[in-house]
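Next come the chains, spelled out residue by residue.
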Amino acid sequence: MSNPITSIKLVLLGEAAVGKSSIVLRFVSNDFSENKEPTIGAAFLTQRVNINDHTVKFEIWDTAGQERFASLAPMYYRNAQAALVVYDVTKPQSFIKARHWVKELHEQASKNIIIALVGNKIDILEDNENERKVAREEAEKLAEEEGLLFFETSAKTGTNISEVFLGIGEKIPLKGLEDEHNNNGLNVTEDQRINLANTANASENASACSC
Amino acid sequence: MGEEMDTEYDVIVLGTGITECILSGLLSVDGKKVLHIDKQDHYGGESASVNLSQLYSQFKKNPIGKDEIESKFGKDRDWNVDLIPKFLMANGELTNILVHTDVTRYVEFKQVSGSYVFKQGKIYKVPATEMEAISSPLMGIFEKRRMKKFLEWISSCKEDEISTHQGLDLDKNTMDEVYYKFGLGNSTKEFIGHAMALWTNDDYLQQPARPSYERVLLYCQSVARYGKSPYLYPLYGLGELPQGFARLSAIYGGTYMLDTPIEKVLYTDNDSENGNFEGVQTKLGTFKAPLVIADPTYFSHKCKSTGQRVIRAICILNHPVPNTGDADSLQIIIPQSQVGRKNDIYIAIVSDAHNVCSKGHYLAIISTIVETEAPHIELEPAFKLLGPIEEKFMGIADLFEPKEDGSKDNIYLSKSYDASSHFESMTDDVKDIYFRVTGHPLVLKKRNDEDAQEE
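Rules behind the numbers
- Residues numbered from 1 in each chain as written.
- Chains lettered and ligands numbered in written order.
- Predicted model: local features only at pLDDT ≥ 70, side-chain atom pairs only at ≥ 80, totals over all residues.
- Heavy atoms only, no water.
- Helix = DSSP H or I, 4+ residues; strand = E, 2+ residues; numbered from the N terminus.
- Buried < 20%, exposed > 50% of the residue type's maximum accessible area, 1.4 Å probe, protein only.
- Contact = heavy atoms within 4.5 Å.
- Areas by Shrake-Rupley, 256 points an atom, 1.4 Å probe, with all protein chains shown as cover.
- Pairing = 2+ DSSP bridges.
- Salt bridge = Lys/Arg side-chain N within 4 Å of Asp/Glu carboxyl O.
- Core = buried A, V, L, I, M, F, W, Y, C linked by side-chain atoms within 4.5 Å.
- Axes fitted to C-alpha atoms, helices over the stretch in contact; angles between N-to-C directions.
- Expected span 1.5 Å × (residues − 1).
- Phe/Tyr/Trp six-rings, centres within 6.5 Å; stacked < 30°, edge-to-face > 60°.
- Lys NZ or Arg CZ within 6 Å of the ring centre and 35° of its normal.

A. How the structure looks around the overall build of chain A. Of regular secondary structure, chain A possesses eight helices and seven strands. In chain A, buried positions account for 50% of the 211 residues. Restricting to contacts in chain A with at least 6 residues of sequence separation, those with at least 24 account for 72%. Total accessible area computed for chain A in this model is approximately 10,300 Å², and 45% of it derives from carbon and sulfur atoms.

B. Spotlight on the pairing of strand E12 (residues 277-282) of chain B. Residue and element names in this part refer to chain B. Sheet topology note: the strand E11 (residues 264-267)/E12 ladder contains four bridges and is antiparallel. Of the residues in E12, the one forming a bridge with lysine 264 is glutamine 281. In this antiparallel pair of consecutive strands, E12 and strand E13 (residues 285-288), the connection spans two residues.

C. Up close: the pattern of salt bridges. Across all of its chains, the model carries 28 salt bridges over all chains by this definition. For aspartate 88 of chain A, the salt bridge identified is with lysine 91 of chain A, shortest N-O distance 3.5 Å. Between lysine 189 of chain B and aspartate 176 of chain B there is a salt bridge; the shortest N-O distance is 3.2 Å. Residue lysine 189 of chain B is found in helix H8 (residues 186-196), and its partner aspartate 176 of chain B is found in helix H7 (residues 175-182); the two are separated by 13 residues along the sequence. The class for aspartate 176 of chain B is partly exposed, based on a relative accessible area of 22%. One salt-bridge network, held together by shared partners, links Glu129, Arg132, Arg136, Glu140 and Glu152 of chain A.

D. Layout of the environment of proline 335 of chain B. Residue and element names in this part refer to chain B. The residue proline 335 is located in the loop between strand E16 (330-334) and strand E17 (345-351) in this model. In this structure, the C-alpha to C-alpha distance between proline 335 and phenylalanine 118, residues 217 residues apart in sequence, is 6.9 Å. Ignoring anything within four residues of it in the chain, the contact list for proline 335 reads Val117, Phe118, Glu190, His194 and Asp344.

E. Region of interest: the nonpolar core. If you look at the biggest cluster of nonpolar residues, it comprises 166 residues, and the most contacted ones within it are Leu84, Leu117 and Ile168 of chain A together with Phe150 of chain B. The residues contacting isoleucine 168 of chain A, other than those within four sequence positions of it, are Leu10, Phe58, Ala82, Leu84, Ile114, Ala116 and Leu149 of chain A.

F. The sheet that holds strand E2 (residues 45-51) of chain A, seen in detail. All names here are of chain A. One open sheet accounts for six strands, arranged E2-E3-E1-E4-E5-E6; its pairing is mixed. In this open sheet, the two edge strands, each paired with only one partner strand, are E2 and strand E6 (149-152). For this sheet, the mean angle separating the axes of adjacent strands, direction not counted, is 25 degrees. Note: strand E1 (residues 5-14) against strand E3 (residues 54-61), seven bridges, orientation parallel. Looking across to E3, one finds that serine 7 is bridged to lysine 57. Helix H1 (residues 20-29) contacts E1, E2, E3, strand E4 (82-88) and strand E5 (114-120) of the sheet and is inclined by roughly 55 degrees relative to E2. Relative to the sheet, helix H5 (residues 136-146) contacts E4, E5 and E6, its axis offset from that of E6 by approximately 160 degrees.

G. Just the environment of phenylalanine 58 of chain A, in detail. Residue and element names in this part refer to chain A. Summarising the element assignment, phenylalanine 58 is placed in strand E3. Between the C-alpha atoms of phenylalanine 58 and threonine 6, which are 52 residues apart in sequence, the distance is 8.5 Å. Among all residues touching phenylalanine 58, those that are not within four sequence positions of it are Ile8, Leu10, Phe27, Leu45, Thr46, Gln47, Val49, Phe165, Ile168 and Gly169.

H. Representation of helix H9 (residues 210-226) of chain B in the model. Residue and element names in this part refer to chain B. Here H9 spans 25 Å end to end across 17 residues, near enough to the 24 Å set by a 1.5 Å rise per residue. Arg210, Ser212, Tyr213, Val216, Leu217, Leu218, Tyr219, Cys220, Ser222, Val223 and Tyr226 are the residues of H9 that are buried. Glycine 227, located one to two residues past H9, shows a positive phi value of around 110 degrees.

I. Just the pairing of E4 of chain A, in detail. All names here are of chain A. Where burial is concerned, most of E4 is hidden: seven out of the seven residues are buried. Relative to E4, E1 is paired through five bridges, and the arrangement is parallel. In the sheet register, glycine 14 faces E4, and the bridge partner there is valine 86. Note that E4 and E5 share seven bridges and pair parallel. Along E5, the bridge assignment pairs alanine 83 with isoleucine 115.

J. A look at the packing of aromatic side chains. All chains considered together, the criterion is met by 21 aromatic pairs over all chains. Geometrically, the ring pair formed by tyrosine 9 of chain B and phenylalanine 287 of chain B is edge-to-face, given 6.3 Å between the ring centres and 65 degrees between the ring planes. Here tyrosine 9 of chain B, found in the segment before strand E1 (11-14), pairs with phenylalanine 287 of chain B, found in strand E13; they are 278 residues apart in sequence, far enough to count as distant. On the accessibility criterion, phenylalanine 287 of chain B (1% relative accessible area) is buried. Ring centres of tyrosine 179 of chain B and tyrosine 204 of chain B lie 6.4 Å apart, and the angle between their planes is 90 degrees; on these two criteria the pair is classed as edge-to-face. In this pair, tyrosine 179 of chain B sits in helix H7 while tyrosine 204 of chain B sits in the loop between H8 and H9, placing the two residues 25 residues apart along the sequence. Considered together, tyrosine 179 of chain B and tyrosine 204 of chain B belong to a single accessibility category, that of buried residues. Taken together, the ring pairs in this structure connect Phe150, Trp153, Tyr179, Phe182, Trp199, Tyr204 and Tyr213 of chain B into an aromatic cluster. Here arginine 78 of chain A stacks its cationic end above the ring of tyrosine 236 of chain B, 4.2 Å away from the centre of that ring.

Structural data, given as C-alpha cells:
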C-alpha cells in the first residue's frame, strides 16, 4: 500500500528579487541559476515530500510578478493552506514588506494557514557578516508574535531549503484536512464539482449531440 | 518599489473585465508583451464579484455599516456577489477557452442544478432530452411526440448528409418554417426559442434557422455533458474568471497594475481627434504600445449606446426559491409573451453552495431589457416567484458598443456585457477583437506545460 497523499496549496509572497522563485527551484529541482529571469509559463510547480507515513504534495504558486504593483488577486490566497513570506537578509526594505505580507495573509487567507517567515540569501553573509541588515533576533521576534515558522536560508547553496518545506509539512493537519474545510464554513460538497479539464477530450471526441 | 520598469509594450490593455482578461491572457501566451492596467483597485471591472460592503456603497445612497451588515447577513468576506449575472454553457466557447488555456487549474466549477421556464403563473423544468420531453408536464401527449421528432432531427442533422436534413435548408428556411414542419404549437415554440435557444425576443422566428439550430444544439450538448442543466458556475463567483485569465497573462510575462487611473491617453501628433493611439500616462509613468484594448469606460467618446438599457436586481434571500425542490442553483426564464413584454426576464439563482454568500442564504439576480418608463415594475413577475426578499439592489445600465473597429486609430474596444444569460456573446466579442488585433482567427491550442507532470 502506498502512503496517503495530502495536497497542499502553498503560496509565495515577498518583495521582487528576494529569491522566491529560486527557493522553489532549489526545492523542486535542486537547482539554482544566478540571474534567473522571472518565471514564465508555469501555473504552479509541484513537489512531494514524505513525512512519517504520509506523502505531502506541495502545489506551489508563484506570484507571477503580480505583487510588483500591488496587483495580486484574491484568488491567489484562496484556500492556501501554507505560505512562505520571503525577505532578503541584506535588504531591510524587504523585511518591512514581509511584515506587510504577514498582515495581509491574516486578513485575506484562511484562518488556519501555516506561514513560514524565510530570510533568504544568507550565503552572502558567509563572506561578510556586515552585509546582514535584518537581525536574526528581529525576525525571530516577529515570528513569535505572529505564530510563524522561521528559517534563514540560501537558495544558492541549498542551506535550510528542504527544512522549510518539511517544517510546514509537519504542521499540516494531515487527516483532519477535510473536516477543517467544513469548519471554515466553506461547505463544499466534492461530488457536485466539475473537473472541466478531465472531460476535455471526451467532448472533443464526441462528434454528434448525444441528446 | 523603485525597480526599473519597461515602458514599451506590444499591447496595453485597460480594464480587467473578463473580455479584457481573456484577451490579455491569449495575447501573452502568443508571446506578446502585455501591460494590463485597471483604474480600480480590484480585478473584474463590470464583471467583478463584490462583497456586501462594496455592494451597499455602490447601490445605496445611505449604506449601512459593516457591523450592521454582518449582524444581518454574516461575514462580509463570505460574500462574492456578481454584478452581471451569467452562467457558462457546459459545452460553450468560454468552457472551451478555459480548458485550452488551463485556467481550469485556478477555478473550480459546479453544475447549476436546474433550468426552469415560466408558463401561466408556474415554473417548469425545461426538457432538453427526448426522455425529459416525454415526461414533461409542459406538453400534451401528441405534442410530446412532435417535440421528440424535433429533438431527434436536431441531434441527427449532419451538414454533409442531405438525407438527415429532412428537406429543410438551415440557411433558407426560417425557424418558424422548421417549427411548422414538425407541427409544433405556440407554447412549445416558446420554450424551444426562449428556454433552449435562449433568444430574448421573437425576432428569430422570421430569420434563417441556422443560428437557432446551433443554439438548440449547444443547449442539448451542454445538458448532455453533466446532466442536470446546461450551465456551470464557478465557486466564489464569476469574478474568479477575470482573475484566472489575469494570472494566465501574468505567468506568460504580462505586467499588472491595479488602482492606476489613466491620467492621459497619448495620440500621434498630439491629435486626439484623428491621431493613432500611442500610449498612456499614469502615476507610475508613461507607457507606450502600438495598440490598446479597452472596455468602453476608458474611451466613452469612442463608444455609442446600443439603444438598449438593462435593469438588474440583486436579491438576497434566506430560503430556497419556492417550487424548485430546494435547488441550490437554477435559472428561471420568463418568456416575454407570458407577461406581455417584448423581452424575456431572466433570474439566475446561486447560493452558499457556490461560496458566494454566507450559510443559509441565496442570491437571485433578475435582469431584463428595459421597455417602459418604470423599469422596476417590469420585474414584478420575477419578484413574485422568489418569495420573501431580505434585501434588494437595483441598477440600470446603458449598453455601449464601439463606434469603429479600431483599424484607424489602433484603439480596440469591447462591448458592454449584455442581457443574455450566458457568455456566448462575450466570447464572440473576444474572438472578434482577437481577429482584428492579430489579423488571424483565434485557434485554441493546448498549452505546452512543463509542470503538468503530476496531475
